[in-house]
Amino acid sequence: MGVDFPSDPEGWALEGQKNPYYCAMVETLDHYVGQLVEFLEKTDDPRNPGHKLIDNTYIFFTSDNGGHPEFSTNGPLRGSKWNLYEGGVRVPWIVRWPGRVPAGRVSDAPFIGNDLLPTLANLVGAPARARTQWPGKDYSSLLRNPKATPVQDYIVFTNDDFQAASQNMF
């Protein structure tokens, strides 16, 4: 890449998306996600003759919050990991759902990692108890209805809510 690997783990010569090591990590992730999608597109679905696995596979992609300030920037958002500015708390949530979520659709609905389990539980038809035992918002209706408006209600959880949910999960 034409840039020496940093000998000091605390310092990088180039910041943010200009850092070739950061760019290489993003390109590698993109490559392997592409391989997964390609496999699903080429592989017959043994449960549904005449169809490929991609035809009925949900793909959810998310990440932890904010980029590390030494390796990436979160521009145009302010802040990074370890603070409560938008650049430190916003996460991607990319969904591919064949025939249900149109490509290029964007929602401003506030999503956090805790929302994933209630949403997935509802999508797969889990019993009501399984759909409500975790703190988080069920976004399945937003995914099922392309014309739905973003969720407007924010849920506030107490420490007791999280403790009760974690005892039920493990």
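Residues numbered from 1 in each chain as written. Predicted model: local features only at pLDDT ≥ 70, side-chain atom pairs only at ≥ 80, totals over all residues. Heavy atoms only, no water.

Details of the overall build of the protein
Scanning the protein from terminus to terminus reveals six helices and two strands. Secondary structure elements of the protein, listed N to C terminal, follow the sequence α-β-α-β-α-α-α-α. Here the protein, with 170 residues, has 25% of them falling under the buried criterion. Long-range pairs, those at least 24 residues apart, make up 44% of the contacts in the protein between residues at least 6 apart in sequence. (Helix = DSSP H or I, 4+ residues; strand = E, 2+ residues; numbered from the N terminus. Buried < 20%, exposed > 50% of the residue type's maximum accessible area, 1.4 Å probe, protein only. Contact = heavy atoms within 4.5 Å.)

Regarding helix 1 (residues 20–42)
Compared with an ideal rise of 1.5 Å per residue, which puts 23 residues at 33 Å, helix 1 spans 32 Å between its outermost C-alpha atoms and is within 8% of the ideal. Residues of helix 1 that are buried include every one of P20, Y21 and L40, and no others. Residues of helix 1 that are buried sit in contact with strand 1 (59–62). (Expected span 1.5 Å × (residues − 1).)

Quick notes on the packing of aromatic side chains
A complete count under the given rule lists four aromatic pairs for this structure. Each ring, one from Y58 and one from F60, has its centre 6.4 Å from the other, and the planes form 80 degrees; the classification is edge-to-face. Under the relative-accessibility criterion, F60 is labelled partly exposed at 23%. Centre to centre, the rings of F60 and W93 are 6.1 Å apart; their planes meet at 25 degrees, and the pair counts as stacked. One end of the pair, F60, is in strand 1; the other, W93, is in strand 2 (residues 93–96), with 33 residues separating them in the sequence. Among the aromatic side chains, those forming a connected cluster through ring pairs are Y58, F60, W93, W97 and Y139. In this structure, R78 is placed above the aromatic ring of Y85, and the distance from its NZ or CZ to the ring centre is 3.7 Å. (Phe/Tyr/Trp six-rings, centres within 6.5 Å; stacked < 30°, edge-to-face > 60°. Lys NZ or Arg CZ within 6 Å of the ring centre and 35° of its normal.)

Focus on the nonpolar core
Counting residues in hydrophobic clusters, the biggest one holds ten residues: W93, V95, W97, V101, A109, F111, L123, Y139, L142 and L143. Setting aside residues no more than four positions away along its own chain, W97 makes contact with Y58, L123, L143 and R144. (Core = buried A, V, L, I, M, F, W, Y, C linked by side-chain atoms within 4.5 Å.)

Examining the confidence of the model for the protein
Low pLDDT marks stretches whose predicted atomic positions should not be read closely. With 72% of its residues at a pLDDT of at least 70, the protein reaches an overall mean of 76. Across the protein, the element-wise mean pLDDT spans from 52 in helix 6 (residues 159–169) up to 89 in helix 1. In this model residues 152–158 is a low-confidence stretch, pLDDT under 50, and it forms eight contacts with partners more than four residues away in sequence or in other chains. (pLDDT = per-residue confidence, 0-100.)

What about helix 3 (residues 116–123)?
Along helix 3, the residues classified as buried are P118, T119, A121, N122 and L123. One or two positions beyond helix 3, positive phi appears at G125, with a value near 75 degrees.

A word on the environment of R144
Mapping R144 onto the fold places it in helix 5 (residues 140–144). Along the backbone, R144 and V101 are 43 residues apart, and their C-alpha atoms lie at a distance of 7.3 Å.

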